[in-house]
Structures are given as C-alpha cells and as structure tokens.
Amino acid sequence: MAIKQISVFLENKPGTLLKMTGVLAENKIDMRALSLAETKDFGIVRLIVDDVYTASTVLKDKNFISILTDVVGVLIPDEPGGLDKVLRVLAGANINVEYMYAFLGGRNLNRACMIFRVGDSRAAESALGAKGIKLLSQEEIATF
Amino acid sequence: MKQYYQKEIETASREQLKAWQDERLVRQVRHVWDNVPYYRKKMEEKGLTPEDIKSTGDLYKLPFLSKADLRDAYPYGLLAVPLEDCVRIQSTSGTTGKRVVAFYTQADIDIWEDCCARAICAVGGTKKDVCQVSYGYGLFTGGPGLNGGSHKVGCLTIPTSSGNTERQIMFIRDLSATILCCTPSYAAYIGETMKSMGLGPDDIPLKAGIFGAEAWSEEMRRDIETTMGIKAYDIYGLTEISGPGVAFECSEQSGMHINEDHFIAEIIDPDTGEVLPEGTQGELVFSSITKSAFPLLRYRTRDITTLTRKPCSCGRTHVKMTKPRGRTDDMLIIRGVNVFPSQIETVLLNHGYAANYQIIVDRVHNSDTLDVQVEMTPEMFTDNLGEISQRQEALVDGLRSMLGLAAKVTLVEPKTIARSEGKAVRVIDKRKI
C-alpha cells in the first residue's frame, strides 16, 4: 500500500530547483505533491508523482541523485480536526512521524491528502486502517 | 611471475650499478661542461672543473638546476648537442603555469622508451598483450612515452589518446585491451563511466593499469582496482628528465624502481640543499647520465618522497622511491599549515566519497579559508537530512585531524566538478596576496 516518494539531492543555490522541474516538465511528469527540506548548502526535494518509474529514470539520466522512500498517503476530510484524528491514531500506536506534508483538494475540493514519513509504514497503515481512515494507493494518488 | 624487459640491467648487482653510474656520470659532466655554457658557468661559480667529479661520491659538489633555470635558458640554453642531431621536442603540461621544452636525439628517445617498456613488463605485459594508451598524445610525454614502450615490448598498441570516454570503453571491450595507461584521475573517470553504462569489472578484459603523471593516494588505487577489476600500478616521470618511466612500480606495489642505469636519484633537504640519508623524506633530485640532447644534472623535481634500497621480491635491484606525497608546487600553505591535495583525497575516500573533489582556497578578512567541494554520490545520499549532515560533520572532523586545520565541506550535485582527461585541476586558489 505504501506510496513511493522520490527524494532528490539539490544544492541550495539559484536555479537548481528549476533545472529539476524542467526535466520533469519535459517528460510530462505530473507532480502531485512536493516538499522541500534544506540546510544552508543543500536540500532534499521530496516528490510524489504520477509516474515514479519514468521520473526516476529521467532524473538519473540528467545526473540527479535520487532515491525512493516509502511513505503513507492518508485521505483527510478538509474540515477542523481532520489531521488531529489521524495523529491521535499514530501516537496511540507509538509510531513516530519523521516528517509530513499536505496537499489540499486535488481534483475534489473538500478533502486533503497528507503524506507521512514514519518509522514503520506497515504499522501505521494497519493502525489507521483499523480506525477506518482512508489510505491512498499509488494509483489513487496519481489521479487524486 | 618475474618478468623483465632488460633482465641483466634491472637485476644487476649494486656494485655493477655503481660502476655504471660512476663511469657515466664522469662522462656526462664532461659532455655538459663542453657543450652547455649555462651549466659550465654554474660550475665555475663553485670553482669546479670536470676533474673534480671522479665518481658518484662527488655528485653533491655539483650545482643544482631548478625549473627557474629551465625558464631562464628557454629554449636552447641547456641543449648539449647540435639542433640538427635532435629529432623531437616534448613540453611540460604546464600544471604550474611554467612551460619548459626538452629535446631528444633518437638515442634519447630509445632510452626513454626502454624505460617505459620496463614498466610495462613489470606489470606482466608481454607481446601477447593489448595496451591501450589513453594518455594525451602531443607535447605531453604521457602518450608518446607509453606508446613507444608498448611498441618495444611488442604489445598491440591502441593509441586512443585521452577523451571520448565511451569510445575508450568500447575499444577496451571490442579489442580486448589488457593494459590501460592513463592518468589516475582519468582512470577513475573511465571507471565511473563504466558504472553509469551498467558495466562491472567482469565486463572488461583489462588486467592491469599503469597510471601516473599526478599524485594519487592508496585509497584511490583500491577504488580503481575494485571498479575495473585490475591491478593498478604507479609510474613516475618528468619531461625534464625524459618523461614517464623514470621510475615504475613492480608486482610488489610498494614504491617505484628508479631506472638507475640512466638516472641518479638523491634526496635533499629542500631548504638547505643538503643531501639526506636513505629513508629520510625530502626533495627528489635527478641527474640524467646517459641522455645527450638535454642532460640535466642535479635537477630539483620539487617532489617530496623517500628512497629505499631494501631488496625487492621482484628481483629488481634498482632503488625504490615511495609515491610522492605531492609536488612542492602542489603544496598549499593555508593559515601557515602545509596542505597537500593528496591528503584531502585520502580523507574523502576513507569516508566513502568519490575522488572527484575540488579545493577552493580564498582569503576573507585576512584569514585563509579552505572549502572542499565534494560530489554527492548515490551511496552517500539518504532521505534523511540529519544523517547527511552528520556524515558531512564526520568529514570535517576527518579533515581536521588529517590537516590540523578547519575546513568547510560543501556537498555539490553529481558531475558538477569538471572531469579531467589528463591531469586533474584540484585546487582553485583565489587568494590575492
């Protein structure tokens, strides 16, 4: 069920992100979500895309260093307390969240998708599933 | 396997070698005195005549030659035969921005190529081998020297010169090259290109590499050996003395045998010029005792090394020099501390980074800064920012303990540091002093 996220190494200087988005645009890769973590000199761009295989291949061809990481995609109703409910489940199952980021709406405006990087993806999925929280598959996220 | 090109010479007794050196030195000093006014004047200034040099024991009396002399005497001032007797010139790579021109008679070229042939035989080369020479051809001595040596051994020679790396790999595979000759940085780049083409050590027929013309570390050797599945051997030389092959490594891989029947080596204290005892580290000095066109006596190489005459398991009796720690020209003085790029390379490889790096030295508010730029590799990358920063910190600590100096480490994107097909440009010194 876990979703594959692409993490890309970038130097923290003008134009590097553009170079990467250029490669993706050229190859008609649709980015579904993106998050940036940075230090003074370098950063990691984390991407959820519609076509993981093509995106990884074209990035490698253009000399980017990237790796795939398992993350959990969770569907959250766009309403107060939506995220709170999910985090409560994870905390209850003693699952640590390393980082997370959201994308709102997608093609349907009254919901959001939250991407979680956790210590144990499998445990998170079963804990959330047991509480009836909707998880998103790679295919679902591509068309979210 | 013990294999020689000129067995009687390469395994001659120390007494025999000394007898050859004594006789040839005396003859060479006379030749230079008679034909090179520039050096004769230097001898006269020291009150010397050729009669004062009766054996190698008198060598220390002779004046030194340095790169500055070669520039002063450019182009013909150190030429010792009529120009019409010369058949070739070669020129230094100008890594330090000072170009010199050396002249060769046909006999000088034969000496040089014999030395290269010895190097090829020492790594197991025979006439059955296919030797790909990926050193640059032209003014640089790398290509022509190994090319000539390969012919003398009788190898099928592939003169690819440097560049067009995918074609290099194609020739290695299609023509079953067994020996590769190039600079170590180019060997590393060919290895990297192989990897990106999905080729492993078993996909290429190479068994040995002869890599020289720049300083490289043991760690880099292991790296190249693993990537290509070969034994990597060092070779040493300089245009001023002849070219590659002045010294070469044997199966021991523990220092390079200097061709003592042609070149006498000394180690001196670079500050005082005093000759140092065997086993002491110092500046390497060469006297060329058989060449006729460009016979340099006591030429200061600026290379820092040590010599040993301990018996070698390969059977060669010629003195061995350790891998030069760096040329005194390459040495950086940063905040008063001596730094050799090869030391930085050692730390990088020990920490799992690739040998592609650049050192940027600058001066900010009257204080030197040292920035080591290293390319991120797939092996070193993780999705965890903290982990990458920790490794970066570990590298900073490693550099501090090796150099005794704080350096900044900058991780850069892959393939952003220019690859070299000849000698790598490792240092960018922006200091304006």
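These numbers were taken from a predicted model, which means no experiment stands behind them. (Residues numbered from 1 in each chain as written. Chains lettered and ligands numbered in written order. Predicted model: local features only at pLDDT ≥ 70, side-chain atom pairs only at ≥ 80, totals over all residues. Heavy atoms only, no water.)

1. So, the overall build of chain B
Thinking step 1. The helix and strand tally for chain B stands at 11 helices and 21 strands.
Thinking step 2. The C-alpha radius of gyration computed for chain B amounts to 22 Å, which stays within 12% of the reference 22 Å derived for 433 residues, consistent with globular compactness.
Thinking step 3. When the backbone C-alpha atoms are referred to their principal axes, chain B occupies close to 75 × 55 × 40 Å.
Thinking step 4. The buried share among the 433 residues of chain B stands at 58%.
Thinking step 5. Long-range pairs, those at least 24 residues apart, make up 67% of the contacts in chain B with a sequence separation of at least 6. (Helix = DSSP H or I, 4+ residues; strand = E, 2+ residues; numbered from the N terminus. Rg over C-alpha atoms; globule rule 2.2 N^0.38 Å. Buried < 20%, exposed > 50% of the residue type's maximum accessible area, 1.4 Å probe, protein only. Contact = heavy atoms within 4.5 Å.)

2. Section: the packing of aromatic side chains
Residues and elements named next belong to chain B.
Thinking step 1. Per the counting criterion, the structure on display carries 10 aromatic pairs over all chains.
Thinking step 2. Ring geometry for Tyr76 and Phe103: centres 5.7 Å apart, planes at 40 degrees, overall tilted. Here Tyr76 is found in the loop between α4 (67–72) and β1 (88–91), whereas its partner Phe103 is found in strand β2 (residues 101–104), with 27 residues between them in sequence.
Thinking step 3. Tyr76 sits in the partly exposed class, given a relative accessible area of 48%. (Phe/Tyr/Trp six-rings, centres within 6.5 Å; stacked < 30°, edge-to-face > 60°.)

3. Concerning the domain arrangement of chain A
All names here are of chain A.
Thinking step 1. Taken domain by domain, chain A consists of domain 1 (3–69) and domain 2 (71–142).
Thinking step 2. Across the boundary between the two partners, domain 1 contributes 15 residues, which contact 14 residues of domain 2.
Thinking step 3. The three residues of domain 1 that bury the most area against domain 2 are Ile3, Arg32 and Thr69, which together make up 50% of that side's buried surface.
Thinking step 4. Our count for the domain 1 to domain 2 interface comes out at zero salt bridges.
Thinking step 5. The interface formed by domain 1 and domain 2 holds six residue pairs in polar contact (both at pLDDT 80 or more) in total.
Thinking step 6. Put simply, the parts of the chain that give the side of domain 1 that touches domain 2 at least two residues each are β1 (3–11), β2 (31–38) and β3 (42–49). (Domains from an automatic or database assignment. Buried area = accessible area lost by both parts, 1.4 Å probe. Salt bridge = Lys/Arg side-chain N within 4 Å of Asp/Glu carboxyl O. Polar contact = N/O pair within 3.5 Å; in protein donor to acceptor, adjacent residues only side chain to side chain.)

4. Some remarks on the pattern of salt bridges
Residues and elements named next belong to chain B.
Thinking step 1. Under the defined criterion, the tally for this structure stands at 35 salt bridges over all chains.
Thinking step 2. Glu266 is paired through a salt bridge with Arg298; the nearest N and O atoms lie 2.9 Å apart. In this pair, Glu266 sits in strand β10 (residues 263–268) while Arg298 sits in the loop between β11 (282–288) and β12 (299–305), placing the two residues 32 residues apart along the sequence. Like Arg298, Glu266 is buried.
Thinking step 3. Of the charged contacts, one joins Asp397 and Arg400 as a salt bridge, the two residues approaching to 3.1 Å between their closest N and O atoms. Placement of the pair is Asp397 and Arg400 together in helix α11 (residues 385–403), with a separation of three residues, close to one helical turn.

5. A few points about helix α4 (residues 121–130) of chain A
Residues and elements named next belong to chain A.
Thinking step 1. Taken together, the buried positions of α4 are occupied by Ser121, Ala124, Glu125, Ala127 and Leu128.
Thinking step 2. Check the buried side of α4 and you find it contacts β4 (66–77), α3 (82–92), β6 (111–118) and β7 (135–136).
Thinking step 3. The N-terminus of α4 is capped by Asp120, whose side-chain oxygen sits 3.2 Å from the backbone nitrogen of Arg122.
Thinking step 4. Downstream of α4 by one or two residues, Gly132 has phi in the positive range, about 75 degrees.

6. Thoughts on the nonpolar core
Thinking step 1. Among the nonpolar cores identified, the biggest contains 69 residues, and B:Leu62, B:Tyr236 and B:Phe286 are the most heavily contacted of them.
Thinking step 2. Ranked by size, the runner-up nonpolar core spans 31 residues in total, among them A:Ala37, B:Leu332, B:Val374 and B:Ala407. (Core = buried A, V, L, I, M, F, W, Y, C linked by side-chain atoms within 4.5 Å.)

7. Description of the sheet that holds strand β9 (residues 256–258) of chain B
Adjacent strands of a sheet pair through backbone hydrogen bonds, lying either parallel or antiparallel.
All names here are of chain B.
Thinking step 1. With respect to topology, nine strands assemble into an open sheet ordered β4-β3-β5-β6-β7-β8-β9-β14-β13, the strand pairing being mixed. Of all the strands in the sheet, just β4 (156–158) and β13 (307–308) have a single pairing partner and so form its edges.
Thinking step 2. Here strand β6 (residues 208–212) pairs with strand β7 (residues 231–238) via five bridges, running parallel. Pairing of Gly212 across the sheet is with Ile235, part of β7.
Thinking step 3. The strands touched by helix α5 (residues 106–122) are β5 (179–182), β6, β7 and β8 (243–249); relative to β8, the strand with the most contacts, the crossing angle is about 30 degrees.
Thinking step 4. On top of the sheet, helix α9 (residues 218–228) reaches β5, β6, β7 and β8; it is set at about 130 degrees to β7, its chief contact. (Pairing = 2+ DSSP bridges. Axes fitted to C-alpha atoms, helices over the stretch in contact; angles between N-to-C directions.)

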